[in-house]
Amino acid sequence: MSNSASGMAVCDECKLKFLDLKAKRSFRFIVFKINEKVQQVVVDRLGLPDESYDDFSACLPADECRYAVFDFDFVTDENCQKSKIFFISWAPDTSRVRSKMLYASSKDRFKRELDGIQVELQATDPSEMSMDIIKSRAL
């Protein structure tokens, strides 16, 4: 199962861990990376349910691309507890051009494998995925 545009496969663990995040809320976030040697998207890091958004942002490398999903809990203006699953495409300006192209060309196919994503966000530096932006996109 590879994408004709990028030849990228998706490791089964990616889908299984995402299902755990979505259905069981076993994780707060999952960071994925492309293993270029085997041409496959793999799990890079799992965030425990008690980890914060700051913990999540801190684990994104400053000079390498990543995909990530984050389960964001919030309270609406009507005082309703809600949750939204964000898909974040992280491509810092300092990452390699080839890497940015690979992540960009593989993103849509990878995202289709993760059924249940509610909000998509692209970021090239931490200010583009600040908590204020996350909150405004969730409402």
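Above this note sits the structure.
Keep in mind it's a predicted model, so treat the numbers as computed, not measured.

As a further point, take the pairing of strand E6 (residues 119–123). On E6, burial follows the alternation: Val119, Leu121 and Ala123 on one face are buried, whereas Glu120 and Gln122 on the facing-out side are not. Direction of pairing for strand E5 (residues 81–90) relative to E6: parallel, over a ladder of 5 bridges. Residue pairing across strands places Ser89 opposite Gln122, the latter belonging to E6. At this point the chain moves from E5, through helix H3 (residues 97–113), to the parallel E6, and the crossover so formed is right-handed.

Another aspect to go through is the sheet that holds strand E1 (residues 9–10). Within the open sheet, the 6 strands sit side by side as E1-E3-E2-E4-E5-E6. Their pairing is mixed. Each of the sheet's edge strands pairs with one partner strand only, and the pair in question is E1 and E6. In this fold helix H1 (residues 12–24) packs onto E1, strand E2 (29–35), strand E3 (40–47), strand E4 (66–75) and E5, with an angle of close to 35 degrees to the strand it touches most, E3.

Here we take up the nonpolar core. One finds Cys14, Phe32, Val41, Tyr67, Val69 and Phe110 to be the most contacted residues of the largest nonpolar core, which totals 23 residues. Breaking this core down by element, the ones donating at least two residues are H1, E2, E3, E4, E5 and H3. If near-sequence neighbours (up to four positions away) are discounted, Val41 is found in contact with Met8, Ala9, Val10, Cys11, Cys14, Phe32, Lys33, Ile34, Tyr67 and Phe110. Membership of the second largest hydrophobic core comes to 19 residues, among which are Tyr53, Phe56, Phe70 and Ala138.

Parameters and conventions
Residues numbered from 1 in each chain as written. Predicted model: local features only at pLDDT ≥ 70, side-chain atom pairs only at ≥ 80, totals over all residues. Heavy atoms only, no water. Buried < 20%, exposed > 50% of the residue type's maximum accessible area, 1.4 Å probe, protein only. Helix = DSSP H or I, 4+ residues; strand = E, 2+ residues; numbered from the N terminus. Pairing = 2+ DSSP bridges. Right-handed = clockwise from strand over helix to strand, strands pointing away. Contact = heavy atoms within 4.5 Å. Axes fitted to C-alpha atoms, helices over the stretch in contact; angles between N-to-C directions. Core = buried A, V, L, I, M, F, W, Y, C linked by side-chain atoms within 4.5 Å.

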